[in-house]
Structure formats: structure tokens, C-alpha cells
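Chains, contacts and geometry: an overview
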Amino acid sequence: MEGLINLRLGVVVMLDKKKILYQITKNKNFNINVSIPFSNLTINFLKDFSNELKKERKIYQYPDLIYLIFWTNHKKIKEIKDKFTSKNIKLGRGLIFHITPSNVPTNFIYSFFFGLLSGNSNIVKVPSKNFSEKDIILSTINKLFKRKKYVKIKNSNFFIQYNEKKENTLNISSICDGRIIWGGDKTINEVRKFWIPERAIELTFADRYSLSVLNLNKFIRIKKNEIKSIAKKFFYDSYMLNQSACNSPHFVFWVGKKNKIYQNRFWHELNNIAKEKFILKYNVAVNKYSNLIKNIIDQKDFQNIKTFKNNLYVIDPNKNVKNIENIRGVSGIFFQKNIKNINELKKFITKKCQTLTYFGLDKKQVKSFLLKNNLLGIDRVVPIGKGLDINLIWDGYDVIESLSRNITLE
């Protein structure tokens, strides 16, 4: 094997150069630096990243890169920083090892920014799957690392790619101060077999499902253009990442007296938007149809399946369905169910439920539902259209708080 990365204290991790797709720092010496959360250097780095990404012509082909630009712009990061308060002295923990998923092309950069904003050095295992978004992001990072003002960030952060090489995961885990694992339950349980130091912390972002709730009593009172607006926001929550993100909805619950006319209006509007904005590639279409068949087999019987050509499938599941955590759609397959009131929703919430997006509910209703129903799931409740927004409180973790350490001074 070739390529030595000198991490610290004489500990050396062996990495095959052919397996390192992007060795953004050319230095062999990898320095670990810690800083206060939201340091000026880090904030300026994210601002410049956003500005550089805007210059890439190809980004407009990838909506998730547009989200990334908005998330990293100076105004957004300043808003996040302003919400962060601490009475204690805070510093990064040291070296954070990020193991990111292969199904979401932009996840690795958000994880990196979580670590950076917390004041840490980072080793990020990027997805091995070929994504154009990944190439664009890393090319942008590389441009910033060539700037003299970011040499400190360049020399203390590293992006690597390797295919399930256990030796690399074991070695990096053995010297990290924190490990973040994104992925399915199987991936997390496999990585957990690799020891981390006693004082190292670990955050796991496991397989989750998300759903939407629409209040029919409010929905039937709005105008057609408002229905179109809601459908458009729902489209961005779900179709942008082919429903592969944990925060994309699969199930829609209609609260209130059943009204097929208005429910169908919503789906027709969504279909019209999908026809205009969603490109269904051949391999995606095959995967979508396979998913439909699998759901039919697994769930045995449905009350109704409504198809809008290949853009949209809407399924009414069995009346007795309760466990919905494994009922997943892809690229525009949705399941719907009518419930009389929001409290009926508790039957469908498990530990795996992450995000609830909603229309027509007030915050008092939602708060009461969350506090009075002994729920073990739901970590986010946001209006429809904000499902894909990434926040520094994620899956119930306060990420900055978790990835930094408090120093008391009296």
C-alpha cells in the first residue's frame, strides 16, 4: 500500500493512493486544529464556498446544489450563529471522522460543515458512487484550498474515498475524537464494531422515514392557485432527491372529513408540476416500477392505486395498516390515508419517524400532539416546503453542542 497520512502522535494510517479520489490537501502531514464554534475563518470559508459554487454553470441541473448555495450563504450562516449561545468557553473536540451515505450526493458536505462549524478538524469519507454533484462540490473546495487564507483549513481537513476497506475505517476510528455515521441500520451496526477512544463521542444518523399531514378543513377553503403553491412545495420536498433522503415524505395523512375532490385536486396539481419539472430517467423509471411491485407484494393488498402515467403513483393502503416505517416510495410514489384528527397519527409514529411536514395545523395543536401522546419518534415538524432544509439540530441532536466541548472557567 502507498500513501501515508501522519495523523498525530506518531499514529499513521495507511491508505492506497488509488483509493483516494480527492486528496485535496497535498501535504502528507495532517494537522489537527481546534477552534471556537462559528469562527470567523470558518464563516468566511462557507461564504466563499457559496459564492464559488454559484459560478459553476452546471449547478442549475442539480436542485440539491441550489439548496446548498442557499444554506451556505452568509445570511443563512449568520442566522444559525445568532441562535447559538453558550455561557461556557467552547472549543472543537479535535478530529471528527465522517462516514457518509452513498445514496445522497450532497450529504457528505453538510456533514463536513457540521464538523467545521463546531470547531473541528475532519476526515470525510465521501460516497464511492459517481455523482456529478460530488465532483462539483469537491472541485469548489479545491479552489478554496488554493487560497492562502484557508491554508489552516486545508491542512486540517481531508476527503477520502474507499470501497468498504475495513482497515481504513478501523485505523481512522482508533484515533478520532468523534465519529459521525450516516446510513442504513446495517451500516451503522457494522461500523460500531470498530473501536473509538474512550472519550470520543459518536453520532449516528440512521435510516428514518418522514410523512406529511394536511388539514382538509383548511385545505377545502383555499383557492386553486394556493393548492398549486402547496403542491409545488410538496414537490420540492419529495422529488428533488427521488424521495431517497430521510426527510422526504412517503405517506400523506389527510386530517378531517374525507373529501376526494380536493384530495384529487392536490394530486393533479402535483402531477402537472412533476410533468414540467421532473425528468424521469430510464433507470429511475425501472426502479420506480420495481418499488411499486415490491410494495404490492409486501403489503399484499391495497384499496386503490391511482397512476398519473409514470410521473406519480398514489396508493390507498389497506385500512388496517399501522406500521408504515418500511412502506417507502421512490421518485413519486406516495401513500395516503384519511384520519379524523391529528391524535390518530400516533398509531403510525415509531422511533424511526424523523420529519413531519404539515399544512393547516397551528403550532399549539402540534405541540399538544407531541407532548401528550408519548411519542418515541418525530424529531422535526416543519411546514410543507421545508422538509429538505438542513439544520444544525438534526435527528434530535444539537450538532454544535455534541461536536464541541465545554470548558468551565470560574
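These numbers come from a predicted model, not from an experiment.

Cut-offs applied
Residues numbered from 1 in each chain as written. Predicted model: local features only at pLDDT ≥ 70, side-chain atom pairs only at ≥ 80, totals over all residues. Heavy atoms only, no water. Patch = residues over 30% accessible without salt bridge, like charges linked within 9 Å, V, L, I, M, F, W, Y side chains within 5 Å. Areas by Shrake-Rupley, 256 points an atom, 1.4 Å probe, with all protein chains shown as cover. Salt bridge = Lys/Arg side-chain N within 4 Å of Asp/Glu carboxyl O. Lys, Arg positive; Asp, Glu negative; His and termini not counted. Charge placed at Lys NZ, Arg CZ, Asp CG, Glu CD. Helix = DSSP H or I, 4+ residues; strand = E, 2+ residues; numbered from the N terminus. Buried < 20%, exposed > 50% of the residue type's maximum accessible area, 1.4 Å probe, protein only. Pairing = 2+ DSSP bridges. Axes fitted to C-alpha atoms, helices over the stretch in contact; angles between N-to-C directions. Contact = heavy atoms within 4.5 Å. Phe/Tyr/Trp six-rings, centres within 6.5 Å; stacked < 30°, edge-to-face > 60°. pLDDT = per-residue confidence, 0-100. Parallel < 35°, antiparallel > 145°, perpendicular 65-115°, else oblique. Nonpolar A, V, L, I, M, F, W, Y, C, P; charged D, E, K, R; others polar. Expected span 1.5 Å × (residues − 1). 1 Å grid on protein atoms, 1.4 Å probe; cavity = no way out; pocket = protein on both sides within 12 Å on 5 of 7 lines; lining within 4 Å. Points joined across faces, edges and corners; volume = space filled by probe spheres on them. Core = buried A, V, L, I, M, F, W, Y, C linked by side-chain atoms within 4.5 Å.

Our focus in this paragraph is a positive patch on the surface. On the surface, a cluster of positive charge is made up of K224, K228, K232, R265 and K277. Of all the secondary-structure elements, those providing two or more residues to the positive patch are helix 10 (224-238) and helix 11 (260-277). Top element by residues in the positive patch is helix 10. It accounts for three residues. With respect to the element layout, K232 can be found in helix 10. Residue K232 is classed as partly exposed on the basis of its relative accessible area of 38%.

Glancing now at the sheet that holds strand 5 (residues 121-125). With respect to topology, five strands assemble into an open sheet ordered 6-5-4-7-8, the strand pairing being parallel. Of all the strands in the sheet, the pair left with one neighbour each is strand 6 (157-160) and strand 8 (201-205). The mean inter-strand angle of the sheet, taken between neighbouring strand axes irrespective of direction, is 10°. Running over the sheet, helix 4 (residues 107-117) touches strand 4 (95-99), strand 5, strand 6 and strand 7 (178-182) and is turned about 165° from strand 5.

Moving on to the packing of aromatic side chains. Tallied over the entire structure, the rule returns 29 aromatic pairs. Ring plane angle 15° and centroid distance 6.5 Å describe the contact between W71 and F113, whose orientation is recorded as stacked. In this pair, W71 sits in helix 2 (residues 63-72) while F113 sits in helix 4, placing the two residues 42 residues apart along the sequence. Residue classification places W71 among the buried positions, given a relative accessible area of 5%. When its relative accessible area of 0% is taken as the criterion, F113 is described as buried. Between the aromatic rings of F205 and Y397, the centroid separation amounts to 5.4 Å while the plane-to-plane angle is 80°, which identifies the pairing as edge-to-face. One end of the pair, F205, is in strand 8; the other, Y397, is in strand 17 (residues 397-398), and 192 residues separate them in sequence. Here Y397 falls in the partly exposed class, since its relative accessible area comes to 24%.

With that settled, the discussion passes to the confidence of the model for the chain. Looking at the chain as a whole, its pLDDT mean stands at 85, while 90% of the residues score no less than 70. By mean pLDDT, strand 1 (residues 4-8) is the weakest element of the chain at 35, and strand 7 is the strongest at 96. pLDDT under 50 marks residues 1-27. Its contacts with residues more than four places away, or in other chains, come to 67 contacts.

As a packed pair, helix 2 and helix 3 (residues 74-83) sit with axes 4 Å apart at the nearest point and diverge in direction by 55°. In terms of orientation, helix 2 lies oblique with respect to helix 3. Of the residues in helix 3, those touching helix 2 at F70, W71 and T72 are H74, K76, I77 and I80. For the contact of helix 2 with helix 3, the per-class residue count stands at four nonpolar, two polar and one charged.

Enumeration according to the criterion identifies 15 salt bridges in this entry. K149 is the salt-bridge partner of D48, the closest N and O atoms lying 3.1 Å from each other. Taken together, the positions of D48 in helix 1 (residues 40-54) and K149 in the loop between helix 5 (132-145) and helix 6 (151-154) put the pair 101 residues apart, joining distant regions of the chain. For the salt bridge of D379 with R208, the shortest nitrogen-to-oxygen distance reads 2.8 Å.

With 15 residues, helix 10 should reach 21 Å at 1.5 Å per residue; the first-to-last C-alpha distance of 21 Å fits that figure. Packed against the buried residues of helix 10 are strand 9 (209-215), helix 9 (216-219), strand 10 (249-255), helix 11, strand 13 (333-339) and strand 14 (353-359).

Phi at F38 takes a positive value of approximately 60°, unusual for a residue other than glycine. Tracing the chain through its elements places F38 in the loop between strand 2 (11-14) and helix 1. Judged by relative accessible area, F38 falls into the buried class, the value being 3%. For D395, which is not glycine, the phi dihedral falls at a positive 50°. Tracing the sequence through the fold places D395 in the loop between strand 16 (393-394) and strand 17.

If you add up the space inside the largest pocket, you get close to 1,200 Å³. For the largest pocket, the lining is made up of 48 residues, of which P101, S102, N103, G183 and G184 are closest to its centre. Broken down by secondary-structure element, the contributors of at least two residues to the lining of the largest pocket are helix 2, helix 4, helix 7 (166-173) and helix 8 (185-191). Among the residues making up the lining of the largest pocket, the classes are represented as 22 nonpolar, 16 polar and 10 charged.

This part is about the pairing of strand 11 (residues 302-308). Sheet topology note: the strand 11/strand 12 (residues 312-317) ladder contains six bridges and is antiparallel. Its bridge partner being in strand 12, F302 is matched across the sheet by P317. Between strand 11 and the antiparallel strand that follows it, strand 12, lie three residues; K309 among them carries a positive phi value of about 55°.

This brings us to the environment of E133. Examined against the element boundaries, E133 turns out to sit in helix 5. Excluding its chain neighbours within four sequence positions, the residues that come into contact with E133 are Y62, D64, L65, P105 and T106.

Right, let's talk about the nonpolar core for a bit. Grouped together as the largest cluster of nonpolar side chains are 45 residues, with contacts concentrated most on F45, W71, I109 and F113. If you list the elements that add at least two residues to this core, you get helix 1, helix 2, helix 3, helix 4, helix 5, strand 7, strand 8 and helix 14 (399-403). The leading source of residues in this core is helix 4, at eight residues. Excluding residues that lie within four positions of it along the chain, I109 makes contacts with F49, L68, I137 and I141.

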